[in-house]
Protein chains: 4
Amino acid sequence: MLNRVAYINEPESWKEEFEFYHPLTVRFSETDMFGHLNNTVPFTYFEEARIEFFKSKGFMQDWVKPESEQIPVVADLQCDFLQQVFFGEALKVFVKAAKVGTSSVDLHYMGIKQNDDICFVGRGTMVQISKKTGKGVPWTEEMKQKLGMRASVK
Amino acid sequence: MLNRVAYINEPESWKEEFEFYHPLTVRFSETDMFGHLNNTVPFTYFEEARIEFFKSKGFMQDWVKPESEQIPVVADLQCDFLQQVFFGEALKVFVKAAKVGTSSVDLHYMGIKQNDDICFVGRGTMVQISKKTGKGVPWTEEMKQKLGMRASVK
Amino acid sequence: MLNRVAYINEPESWKEEFEFYHPLTVRFSETDMFGHLNNTVPFTYFEEARIEFFKSKGFMQDWVKPESEQIPVVADLQCDFLQQVFFGEALKVFVKAAKVGTSSVDLHYMGIKQNDDICFVGRGTMVQISKKTGKGVPWTEEMKQKLGMRASVK
Amino acid sequence: MLNRVAYINEPESWKEEFEFYHPLTVRFSETDMFGHLNNTVPFTYFEEARIEFFKSKGFMQDWVKPESEQIPVVADLQCDFLQQVFFGEALKVFVKAAKVGTSSVDLHYMGIKQNDDICFVGRGTMVQISKKTGKGVPWTEEMKQKLGMRASVK
């Protein structure tokens, strides 16, 4: 099924490149009357996992300070739903930086179930913008390195 | 059923005192796997109706200005669920100021269905606090009058 | 900005093809600490608008019946965020069937502000599946016609 | 502050009687433009903690089976907000059965911060009802014992 997803070139290597994940459990209030996880909720999971990802790199802590001059802004988001997800399921939501731009980063997501089935995948571009001007603020070299950490290790 | 609700003295007059209402339709994403409106959602409806109530009195517009020195804070909230509510139902959520304090107001809520059945009722105290000190800021005479408008007409 | 969105060929004709829209107002609980509409919420708006779109065609009423053998399932969803949206803004969320498949339909979305600025656009494929088998159930001719109503009028 | 809460008789013993808790972290999407946790969200936390509480007793697993003849229904819910809660805070949400009725149970809740400050408290009655008749279904002796486990140990 991953073959049909436009932003996934090679499913096997695409999966292997993920390292960071955020664990979570599907809440009752996140289901809907069709008996499964409502399809708007994975975007909340992406946000939660993305923030934990940025926290792990030390970015988020600065962005949420009231005096911070930059905030991260989501330019776009998408999700492909591969399997139904049900109340109480324990999921791992993986995040990786697929491509780092001047002031943006393309993040990819993968949600997996306890049996390792992939239930949804996604992607989206984040941009670091200035609160004042609303324009993109370039990553520092340090930030770039942290975002591309894995690649640079190679 | 209203007889059993502690904050309702006389069901008939309690119902009649409502004037303001906010209309809304139950969203699909607000249902849960039991097939009905999830019980956390009426609190969102209360918030929405309360804000429209405050807008109708000209309060909300000031509170959301970044330069505003006061914000409204919810001290407590409660809801009694009298009937199940389903996807797509059109509800009216009524709001009234049941009691006006120095810097607070006790708001009551009533949700009714299209057949006029009451599906949920609720209440909660709001306090106008100072952003700086976190302490209550007394209502102006004008605000008090607007909150108690109906009573003062009597 | 629409030029950069992969699923929009010609921005002008793309915009003009929309007819159906669902009006809504941004709730307070839908904002986040960055002061604007949280980016997970437009997907809820898409759902709400999509359901109203399907209601207008008479599809939704059947799908939510417990005895219905088919339900609509979202295969994928995406959103491009073009402008910040704030508390209390009145939006129109437009929906159209961009392409009708055997048992699926590709829906496009456009959110506009009161000044006619486009604040977000999106798309996603819905599939009508069998509750029992989980497989796609072809649209009837009548359904196809209703989905493509506009095109067929030309 | 707990002295002012109607359903708390003796704050100290009330706090001490809690044993079960569910840990969680405040999501970014759960904040609002006032910069803190939106006040509708603790009810979602109560639901999540309540379900984990019932899971720990083996009740929830049966209720969510499609063939189950009983479901739990929330009769009422309330929350007192004692302290602001912010993005990223790690909370413990405690739950206890304060009083067990024939087919109902009065649950109490307490949310605490990492510094042990109580940020919100709450309560609400749950009723086990029959899916068919909508009427209360008495707890079995075994269920009663499990709900009142702590008391019965004394």
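Residues numbered from 1 in each chain as written. Chains lettered and ligands numbered in written order. Predicted model: local features only at pLDDT ≥ 70, side-chain atom pairs only at ≥ 80, totals over all residues. Heavy atoms only, no water.

The name an unreviewed UniProt entry gives chain A is Acyl-CoA thioester hydrolase, with Falsibacillus pallidus as the organism.

Participant: How would you sum up the packing of aromatic side chains? Please name residues and give values.
Facilitator: Inspection of the entire model under this criterion finds 66 aromatic pairs over all chains. Judged by centre distance (4.9 Å) and plane angle (85 degrees), the rings of Trp14 of chain B and Phe18 of chain B are edge-to-face. Classification of Phe18 of chain B as buried rests on a relative accessible area of 7%. For the ring pair Phe20 of chain C and Phe53 of chain C, a centre distance of 5.7 Å and an interplane angle of 75 degrees mean the geometry is edge-to-face. Remark: Phe53 of chain C occurs in helix H2 (residues 41-56) and Phe20 of chain C occurs in strand S1 (residues 20-25); sequence separation between them is 33 residues. Residue classification places Phe20 of chain C among the partly exposed residues on the basis of a relative accessible area of 21%. Three or more aromatic residues joined by ring pairs make a cluster, and in this case those are Phe43, Tyr45, Phe46, Tyr109 and Phe120 of chain A together with Phe43, Tyr45, Phe46, Tyr109 and Phe120 of chain C. (Phe/Tyr/Trp six-rings, centres within 6.5 Å; stacked < 30°, edge-to-face > 60°. Buried < 20%, exposed > 50% of the residue type's maximum accessible area, 1.4 Å probe, protein only. Helix = DSSP H or I, 4+ residues; strand = E, 2+ residues; numbered from the N terminus.)

Participant: Describe unusual backbone geometry, with residues and values.
Facilitator: Among all residues except glycine, the phi angle is most often negative; among peptide bonds, the trans geometry is most common. All names here are of chain C. Positioned with a positive phi, Asp116 is a non-glycine residue whose angle comes to about 75 degrees. With respect to the helices, strands and loops of the structure, Asp116 is situated in the loop between strand S4 (104-112) and strand S5 (118-130). Among the residues examined, Asp116 registers a relative accessible area of 55% and is labelled exposed.

Participant: Can you explain the pattern of salt bridges? Please cite residues and give values.
Facilitator: One pass over the structure, following the stated rule, counts 36 salt bridges over all chains. Its salt-bridge partner being Asp62 of chain A, residue Lys65 of chain A comes within 3.1 Å of it at the nearest N-O pair. A relative accessible area of 41% places Asp62 of chain A in the partly exposed class. Ionic pairing is found between Glu48 of chain B and Arg27 of chain C, a salt bridge with its closest N-O pair at 2.6 Å. With Glu48 of chain B in helix H2 (residues 41-56) and Arg27 of chain C in the loop between S1 and H2, this pair bridges two chains. According to the relative accessible area criterion, Glu48 of chain B is buried, its value standing at 14%. (Salt bridge = Lys/Arg side-chain N within 4 Å of Asp/Glu carboxyl O.)

Participant: I'd like a rundown of the relation of the copies chain B and chain D, residues and numbers included.
Facilitator: Taken as rigid bodies, chain B and chain D are interconverted by a rotation of 180 degrees and an axial shift of 0.0 Å, the fit giving an RMSD of 0.0 Å. Both copies are brought into coincidence by an operation consistent with a two-fold rotation axis. Proximity to the rotation axis, assessed at the C-alpha, singles out Gln78 of chain B in chain B; its C-alpha lies 2.0 Å from the axis. Take the interface residues of chain B: 100% of them recur as interface residues in chain D, which is what a same-surface contact looks like. (Least-squares fit on C-alpha atoms with pLDDT ≥ 70 in both. Contact = heavy atoms within 4.5 Å.)

Participant: If you had to explain the pairing of strand S5 (residues 118-130) of chain B to someone new, which residues and values would you point to?
Facilitator: Residue and element names in this part refer to chain B. Within S5, 12 of the 13 residues are buried, leaving the element largely enclosed by the surrounding structure. The pairing of strand S2 (residues 70-81) with S5 spans 11 bridges and is antiparallel. Its bridge partner lying in S5, Ile71 is registered against Ile129. Direction of pairing for strand S4 (residues 104-112) relative to S5: antiparallel, over a ladder of 9 bridges. Paired with Ile112 across the bridge in S5 is Ile118. Remark: 5 residues form the turn of the hairpin made by S4 and S5, two consecutive strands paired antiparallel; Asp116 in that turn has positive phi of roughly 75 degrees. (Pairing = 2+ DSSP bridges.)

Participant: Give a detailed account of the nonpolar core, specifying residues and quantitative values.
Facilitator: Tyr45, Phe54 and Phe120 of chain B together with Tyr45, Phe54 and Phe120 of chain D are the most contacted members of the largest nonpolar core, which has 73 residues in total. For Tyr45 of chain D, the contacting residues outside a window of four places in its chain are Arg27 of chain A together with Leu24, Val26, Arg27, Glu30, Leu37, Leu91, Val93 and Phe120 of chain D. Grouped together as the second largest cluster of nonpolar side chains are 72 residues, Val26 and Trp139 of chain A together with Val41 and Phe46 of chain C included. (Core = buried A, V, L, I, M, F, W, Y, C linked by side-chain atoms within 4.5 Å.)

Participant: Please set out empty space enclosed by the protein residue by residue, giving values where relevant.
Facilitator: Enumeration according to the criterion identifies 3 cavities of 30 Å³ or more in this entry. Along the walls of the largest cavity sit 29 residues, with Ser29 and Thr44 of chain A, Thr44 of chain B, Thr44 of chain C together with Thr44 of chain D positioned nearest its centre. Looking at the lining of the largest cavity, the elements that each hand over two or more residues are helix H2 (41-56) of chain A, H2 of chain B, H2 of chain C together with helix H2 (41-56) of chain D. Taken together, the residues of the lining of the largest cavity sort by class into 4 nonpolar, 17 polar and 8 charged. The wall of the second largest cavity is formed by Thr25, Val26, Arg27, Phe28, Phe87 and Gly88 of chain B together with His22, Glu48, Ile51, Glu52 and Lys55 of chain C. (1 Å grid on protein atoms, 1.4 Å probe; cavity = no way out; pocket = protein on both sides within 12 Å on 5 of 7 lines; lining within 4 Å. Points joined across faces, edges and corners; volume = space filled by probe spheres on them. Nonpolar A, V, L, I, M, F, W, Y, C, P; charged D, E, K, R; others polar.)

Participant: Can you tell me about the side chain of Arg123 of chain A, naming the residues and giving the values?
Facilitator: Residues and elements named next belong to chain A. Along the chain, the position of Arg123 falls in strand S5 (residues 118-130). A residue is classified by how much of its surface remains accessible, and Arg123, at 11% relative accessible area, is buried. Here Asp76 takes part through its side chain, which lies 2.8 Å from a polar atom of the side chain of Arg123. When near neighbours in sequence (up to four residues on either side) are disregarded, Arg123 contacts Tyr7, Asp76, Leu77, Gln78, Asp106, Leu107, His108 and Tyr109. (Polar contact = N/O pair within 3.5 Å; in protein donor to acceptor, adjacent residues only side chain to side chain.)

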